[in-house]
Each structure stands twice: as C-alpha cells, then as structure tokens.
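The residues making up each chain are set out below.
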Amino acid sequence: MKLEADLHTHTIASGHAYSTFKEMVDAAREKGLQMIAITDHSLQMPGAPNIDYFYNTLIWPRVVNGVQVLRGVEANIIDTEGRLDMPDELLERLDIILAGLHEGTGYQGSTVEENTQAMVAALRNPRVHIISHPGNPRFSVDFERVVLAAREYGKALEINNSSFIVRPQSIEPCLNIAVLAKQYGVMVAVDSDAHICYQVGECPLALEVAQKADIKKTQILNTSAILVQEFLAQHGKLI
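Residues numbered from 1 in each chain as written. Predicted model: local features only at pLDDT ≥ 70, side-chain atom pairs only at ≥ 80, totals over all residues. Heavy atoms only, no water.

**Thoughts on the overall build of the protein**
Link 1 in the chain: Scanning the protein from terminus to terminus reveals nine helices and eight strands.
Link 2 in the chain: Over its C-alpha trace the protein gives a radius of gyration of 16 Å, about what one expects of a compact globule, namely 18 Å for 239 residues.
Link 3 in the chain: Seen along its three principal axes, the alpha-carbon backbone of the protein occupies a region of about 45 × 35 × 35 Å.
Link 4 in the chain: When the accessible area of the protein is evaluated, it comes to approximately 9,800 Å², of which 52% is carbon and sulfur surface.
Link 5 in the chain: Distance between charge centres in the protein, computed from 20 positive and 29 negative side chains, equals 4 Å. (Helix = DSSP H or I, 4+ residues; strand = E, 2+ residues; numbered from the N terminus. Rg over C-alpha atoms; globule rule 2.2 N^0.38 Å. Areas by Shrake-Rupley, 256 points an atom, 1.4 Å probe, with all protein chains shown as cover. Lys, Arg positive; Asp, Glu negative; His and termini not counted. Charge placed at Lys NZ, Arg CZ, Asp CG, Glu CD.)

Next comes the structure, spelled out in structure tokens:
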C-alpha cells in the first residue's frame, strides 16, 4: 500500500531530531510523497522550539519541488480536560494539529480513566485533527471509548511506525485500536514520526498493523493527498 503523505515528522527544531526542514522535504520528494506535514514538538516538550518558531512557519513555502508542505505541530495534552500547551490563536494559524500524551510535559494523569478522559477531551477540541500514538502503553486508555470519540468528532487516530521501534510493547495496543477503528469506520493516519530525514515516509511496521486489522486504503487518511485536504477542509482548514 502506497502512502502519498507523511503527516507526522520532526525537524532539528524539536531538539531531539536530526534533520533540517529542507532535508525532510527533500526526503519526501525522493520517496515519492506528494505531501509532508512538519509537526515539531510543542512548547512544553523539553528542547522544543519557542512560540515564535511556530508563528514564523507562515514563511514556509506551500510547495517545495512539487511536495506540498503542511505547517503543523505535535501538541502536548497537558491535563484530563484535554488542554494543549499552545494558545488557541496560534493553533488556528497552523494547517494540521496532532495531539498526544508525552512524559515530561506537565501531564499528571496516571490511570486508564484519567488518560482516557484526557484523550477523549482532546478529540473533542475542534482544533485537534489527529491523536498521535494513542497506543503508547505508557498512557494506557480505554481503546473503545477513544475510538468512539474519534468517530463522534470526525477525527483520526494514528498508527505510528516509530512507536514499534522505540516502544515494541506498542504493537498489541495499536493493533487493538486498529481493529476497533476498522469496526467503527474511524479514519487512521499511518505515519513515520520521523526524527531524521531517512525515516520520512517509512512506515512498514505501521502498515503491517493496518493490514492485519484489514483496514482498507480508503480508511487510511494519508494514502491520498486529496483525502488529507478534504479531511482538513471538514475541520475548517483550506490548504
């Protein structure tokens, strides 16, 4: 199955990644992608860029060597109310918002119920489009409640290739989420979460999980750049 977009990537600006904006976009072109979202880590992640970095993404070209570039962020969910560590006014300026639970960013929840509340509340936030790595076992959730919330609010859940490399125990929860997404007709995004240009568009492990869950191509958001545009348009983002 071929992907046309990678919707979760990080540049050197994230502090613990290794490649520049140009290197990431060039890699997307070399891999035959039509679209890449640059989604550097948000403000409370250690080493993340400051707020001016995200305001200044407005200077990025919309298209570089035939690759459409989305201005994005991987924001941190910081409490059980689903609040994010970035002002709403700035989120409105960006093209695509991923939101996830991360250690060291201020989130204090520790139980399945708290994590589920936080993730469902983030899905309810009209500015959020995709929940990043919801199968992270460090933040266990009630999978069915999260999937049903994604369906209710028309959002997507990510199958994150990097998770299977850095957190091999993610495979089982991610497969459970994928099976439920298939059952309830929820869109998924199969992303690299690349932190170096060589990983851009490389999602073999995530695609394998999607295939095991029998998720069809039309339910995988980033198999089509046009599908990504239509999805974002449904949430008020005209790219």
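On we go.
**A few points about the pattern of salt bridges**
Link 1 in the chain: If you walk through the whole model with that rule in mind, you get 12 salt bridges.
Link 2 in the chain: Measuring nitrogen to oxygen at the nearest pair gives 3.6 Å for the salt bridge that ties Asp88 to Arg127. Remark: Arg127 occurs in the loop between helix H4 (112-124) and strand S6 (130-131) and Asp88 occurs in helix H3 (residues 88-93); sequence separation between them is 39 residues.
Link 3 in the chain: By relative accessible area, Asp88 is classed as partly exposed at 40%.
Link 4 in the chain: Taking relative accessible area as the criterion, Arg127 reaches 23% and is therefore assigned partly exposed.
Link 5 in the chain: Note that Glu92 is salt-bridged to Arg127, the shortest N-O span being 3.0 Å. Of this pair, Glu92 sits in helix H3 while Arg127 sits in the loop between H4 and S6, and the two are 35 residues apart along the sequence. (Salt bridge = Lys/Arg side-chain N within 4 Å of Asp/Glu carboxyl O. Buried < 20%, exposed > 50% of the residue type's maximum accessible area, 1.4 Å probe, protein only.)

**Remarks on helix H1 (residues 21-30)**
Link 1 in the chain: Along H1, the positions that sit buried rather than exposed are Met24, Val25, Asp26, Ala27 and Ala28.
Link 2 in the chain: As for H1, its buried residues are in contact with strand S1 (5-9), strand S2 (35-38), strand S3 (63-64) and strand S4 (67-76).
Link 3 in the chain: Where H1 terminates, the next one or two residues include Gly32, which has phi positive at roughly 80°. (Contact = heavy atoms within 4.5 Å.)

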